[in-house]
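These are the residues of each chain, in order.
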Amino acid sequence: MMVKHEIMKTKQTILEKKVIHSSTYVSGSEAVVKCLLAEGVDVLYGYPGGAIMPVYDALYKYQDKIHHVLTRHEQGATHAAQGYARISGKTGVAIATSGPGATNLITGIADAQIDSTPMVCITGQVPSHLLGSDAFQETDIVGISTPITKWNHQVTKASEIPEVLAKAFYIAKSGRPGPVLIDITKDAQFEKFEFSYKKCESIRSYNPVPKIELSSVKTAAELINAAKRPMIVWGQGVILGEAEQELTAVIEKAGIPSAWTIMGASAIPTSHPLNVGMVGMHGNYAPNVLTNECDVLIAIGMRFDDRVTGRLDAYARQAKIIHFEIDPAEIHKNVKADVAVLGDAKESLKLVLPLLKANSHPEWHQKFKYLYEVEFEKVIDKDLHPTKEGMTMGEVLKEINAQTKGNAAIVSDVGQHQMIACRYANFNKTKSNITSGGLGTMGFSLPAAIGAKMAAPEREVISISGDGGCQMTIQELGTILQSKIAVKVVVLNNEFLGMVRQWQQLFFDKRYASTQMTNPDFITIAKGYFLNAKRVTKREDLAEAVAEMIASKDAYFLEVCVEKEDNVFPMVPAGASVSEIRLT
């Protein structure tokens, strides 16, 4: 009896162990999904293939918890993840198979890196025993992506997945955000292990947010208080740091005219009286010219990109430079700062605010107003109220402004229309300007607008692109069709690669080499994807067409045929200083 009892007890123990085993042991592919759920991921963008198929099989069981959006190209998946991240402030997620699937992510990863967008990309890889053998669809995606990721890692054991993915999400979002790529071999996706997950909250030797030195804050405040002609230029760091209120408080208390980089647009409403416009190659006349007349230049969450500075040896040489920045690598990289305030923008501005004296600088503001009037007469009025027969891109943006009342999120592509959209779109709320700034990726707009609309379904999201950029990712109309995403698509068609043509006209004696476009019938293509679509060729039809687009509860495709050889001014020519900006 005792032997029988021991046998029964042993069987019971084995059964209990099997229950524990079956409830806590999962495959690497299911572990990936569980990690995503633990990080709060509810939508991801991707395209299946052989090396990532086990993860897709695991996703099939979790369809009620994670919405997978099947894009029509892996590049579209990264841009959609970017759009999702930029408007939500969360980390976007893209997924692809090995080989060409992984390499098709590269453009979006590079775009996210230079524009500081938090994104986690997960790629499948050939089985670990085939690594280095040139197996079918094997590519060294870790080696390829190393220069354009904040961090990357290859997983060859299932047990590594929880810790690696936890680190991936922490690194992507912390400090100055950026993209992370995790490559997982196929055998690691099949292998089973005992799963547990713990969110990453720190990594040894990684300090994403520098400690603010109070002495530098005090010195910055003293310079600002003593300034006669101060000027602020803010960038996307304000938006990423959620420092919009703090920036507004600083600007209003100190009475400082404030301009923005293309990536900083919308942090402060367009209508704010101290918002003096955009700096940079196609920015506003006043802030560009007066950059070289201010006595203190306060840069907040921006990196002195070449499109902002023009000739570095002629950029704000007369001014004391104060640089508020979270990334130590950006300090003194392009422009030497007299005072560097390292740290989170929100916290830094909170500390400097009580040290500032109330001020107004009326004479200095008058200079901005005068130069704005010059720009209005020579450029803005002609863009928004044209007298010529052909429509301008500016008047299309003016009509969109009127009918959305500045509440839409504008997702622009790259080219002339991008500069026009950034110059003339009205923004009432933050995270409303989504564009490819640093990399300048044509084709960004359409898939990024898909991600933005999914992250903010209550907002009107409008993609603005040219006829060239639109055709680079036009297949993502299929994603709109399948996923029923009510994004509005506006194509400003001038039958040219407009920005390149402008340079050819101004600097290459009108030799329009390979810039004229023979375009398809965009409306027929859009209707082929079962989208509501309309083409506008006459000014008198524009308002009604935009109204119809805005009123639509579904996706809408609007093509507007604009003047073929319009140019975007003002313009800082390549190699010129910001004070040499051209109005014609």
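Rules behind the numbers
- Residues numbered from 1 in each chain as written.
- Predicted model: local features only at pLDDT ≥ 70, side-chain atom pairs only at ≥ 80, totals over all residues.
- Heavy atoms only, no water.
- Buried < 20%, exposed > 50% of the residue type's maximum accessible area, 1.4 Å probe, protein only.
- Helix = DSSP H or I, 4+ residues; strand = E, 2+ residues; numbered from the N terminus.
- Pairing = 2+ DSSP bridges.
- Right-handed = clockwise from strand over helix to strand, strands pointing away.
- Polar contact = N/O pair within 3.5 Å; in protein donor to acceptor, adjacent residues only side chain to side chain.
- Contact = heavy atoms within 4.5 Å.
- Axes fitted to C-alpha atoms, helices over the stretch in contact; angles between N-to-C directions.
- Parallel < 35°, antiparallel > 145°, perpendicular 65-115°, else oblique.
- Left-handed = near helix turned anticlockwise from the far one by under 90°.
- Nonpolar A, V, L, I, M, F, W, Y, C, P; charged D, E, K, R; others polar.
- Disulfide = S-S within 2.5 Å.
- Salt bridge = Lys/Arg side-chain N within 4 Å of Asp/Glu carboxyl O.
- Domains from an automatic or database assignment.
- Buried area = accessible area lost by both parts, 1.4 Å probe.

Enquirer: Tell me what's going on with the pairing of strand 15 (residues 409-412), and back it up with residues and numbers.
Expert: The alternating pattern of strand 15 places Ala409 and Val411 on one face and Ile410 and Ser412 on the opposite face, and all of these are buried. Pairing geometry for strand 15 and strand 17 (residues 461-466), over four bridges, is parallel. Across the sheet, Val411 pairs through a bridge with Ser463, a residue of strand 17. One ladder, built from three bridges, connects strand 15 with strand 16 (residues 433-435); its direction is parallel. Bridging across to strand 16, Ile410 finds its partner in Asn433. Handedness of the crossover is the feature at issue here: the chain leaves strand 15, passes through helix 18 (residues 416-424), returns alongside strand 16, and the resulting connection is right-handed.

Enquirer: How would you explain the pairing of strand 3 (residues 67-70) if you had to name every residue and give the values?
Expert: Along any regular strand, the residues point their side chains to alternate faces of the sheet. Sheet topology places strand 2 (residues 43-46) next to strand 3; four bridges connect them, and they run parallel. Directly across from Leu44, in strand 3, lies its bridge partner His68. Taken together, strand 2, helix 3 (residues 53-60) and strand 3 constitute a β-α-β crossover, and its handedness is right-handed.

Enquirer: Could you give me a rundown of the side chain of Thr149, with the residues and numbers involved?
Expert: Along the chain, Thr149 falls in the loop between helix 7 (141-145) and strand 6 (151-155). Separated by 2.9 Å, the side chain of Thr149 and the backbone oxygen of Ser145 make a polar contact. Each residue touching Thr149, except ones within four places of it in the same chain, is listed here: Ile109, Gln113, Pro179 and Leu181.

Enquirer: Break down the packing of helix 4 (residues 74-88) against helix 19 (residues 445-455) for me, with residues and values.
Expert: At their nearest, the axes of helix 4 and helix 19 sit 6 Å apart, and the two run at 40° to each other. Taken together, the axes of helix 4 and helix 19 are oblique relative to one another. Crossing hand, helix 4 versus helix 19: right-handed. Only Pro447, Ala448, Gly451, Ala452 and Ala455 of helix 19 make contact with helix 4, whose side of the interface consists of Gly76, His79, Ala80, Gly83, Tyr84, Ile87 and Ser88. Residue composition of the contact of helix 4 with helix 19, by class: seven nonpolar, five polar and no charged.

Enquirer: Summarise the state of the cysteines; cite the residues concerned and give the values.
Expert: Taken as a whole, this structure holds zero disulfides when the rule is applied. With no disulfide of its own, Cys422 lies closest to Cys470 among cysteine sulfurs, the gap being 18 Å. When its relative accessible area of 1% is taken as the criterion, Cys422 is described as buried. Considering cysteine sulfurs only, Cys470 is the nearest to Cys561, which forms no disulfide, with 13 Å between them. Accessibility expressed as a relative area gives 23% for Cys561, which makes it partly exposed.

Enquirer: Before we move on, could you go through unusual backbone geometry and cite the residues and values that matter?
Expert: Between Phe569 and Pro570 the backbone carries a cis peptide bond, its omega angle lying at 0°. Of note, Pro570 is situated in the segment after strand 20 (556-561). Phi at His332 takes a positive value of approximately 65°, unusual for a residue other than glycine. For His332, the location among the structural elements is in the loop between strand 13 (320-325) and strand 14 (339-342). Even without being glycine, Phe530 reaches a positive phi, approximately 60°. With respect to the secondary-structure elements, Phe530 resides in the loop between helix 23 (522-528) and strand 19 (532-536).

Enquirer: How would you explain the pattern of salt bridges if you had to name every residue and give the values?
Expert: Tallying each qualifying case throughout the model produces 19 salt bridges. The partner of Lys564 in a salt bridge is Glu495, with the nearest N and O atoms 3.0 Å apart. Here Lys564 is found in the segment after strand 20, whereas its partner Glu495 is found in the loop between strand 18 (488-493) and helix 22 (498-507), with 69 residues between them in sequence. Here Arg535 and Glu559 are joined by a salt bridge, their closest N and O atoms 2.9 Å apart. In this pair, Arg535 is assigned in strand 19 and Glu559 in strand 20, connecting sequence segments 24 residues apart. Since its relative accessible area comes to 37%, Arg535 is described here as partly exposed. If you follow the salt bridges from partner to partner, you end up with Arg176, Asp327, Glu330 and Lys333 in one network.

Enquirer: Go over the packing of helix 17 (residues 393-404) against helix 24 (residues 542-551) with me, naming the residues and quoting the values.
Expert: Axis separation between helix 17 and helix 24 bottoms out at 10 Å; the angle between their running directions is 50°. As the angle between them shows, helix 17 and helix 24 are arranged oblique. When the axes of helix 17 and helix 24 are compared, the crossing they make is right-handed. Seen from helix 17, the contacting residues are Glu395, Val396, Glu399, Ile400, Gln403 and Thr404; seen from helix 24, they are Leu542, Ala543, Val546, Ala547 and Ile550. Taken together, the residues of the contact of helix 17 with helix 24 break down into seven nonpolar, two polar and two charged.

Enquirer: A description of the domain arrangement of the protein should follow, citing residues and the corresponding values.
Expert: According to the domain assignment, the protein consists of domain 1 (25-194), domain 2 (214-367) and domain 3 (389-562). For domain 1 versus domain 2, the separation of C-alpha centres amounts to 37 Å. Contacts between domain 1 and domain 2 engage seven residues on the former and seven residues on the latter. Summed over both partners, the interface of domain 1 with domain 2 comes to about 640 Å²; 54% of that surface belongs to carbon and sulfur atoms. The largest per-residue losses of area from domain 1 upon contact with domain 2 belong to Arg86, Asp115 and Arg176, which jointly make up 63% of the total buried on that side. Linking domain 1 with domain 2 are two salt bridges. With its nearest N and O atoms 2.7 Å apart, the salt bridge here joins Glu330 to Arg176. Counting the contacts that link domain 1 with domain 2 gives four residue pairs in polar contact (both at pLDDT 80 or more). Considered class by class, the residues forming the side of domain 1 that touches domain 2 number two nonpolar, two polar and three charged.

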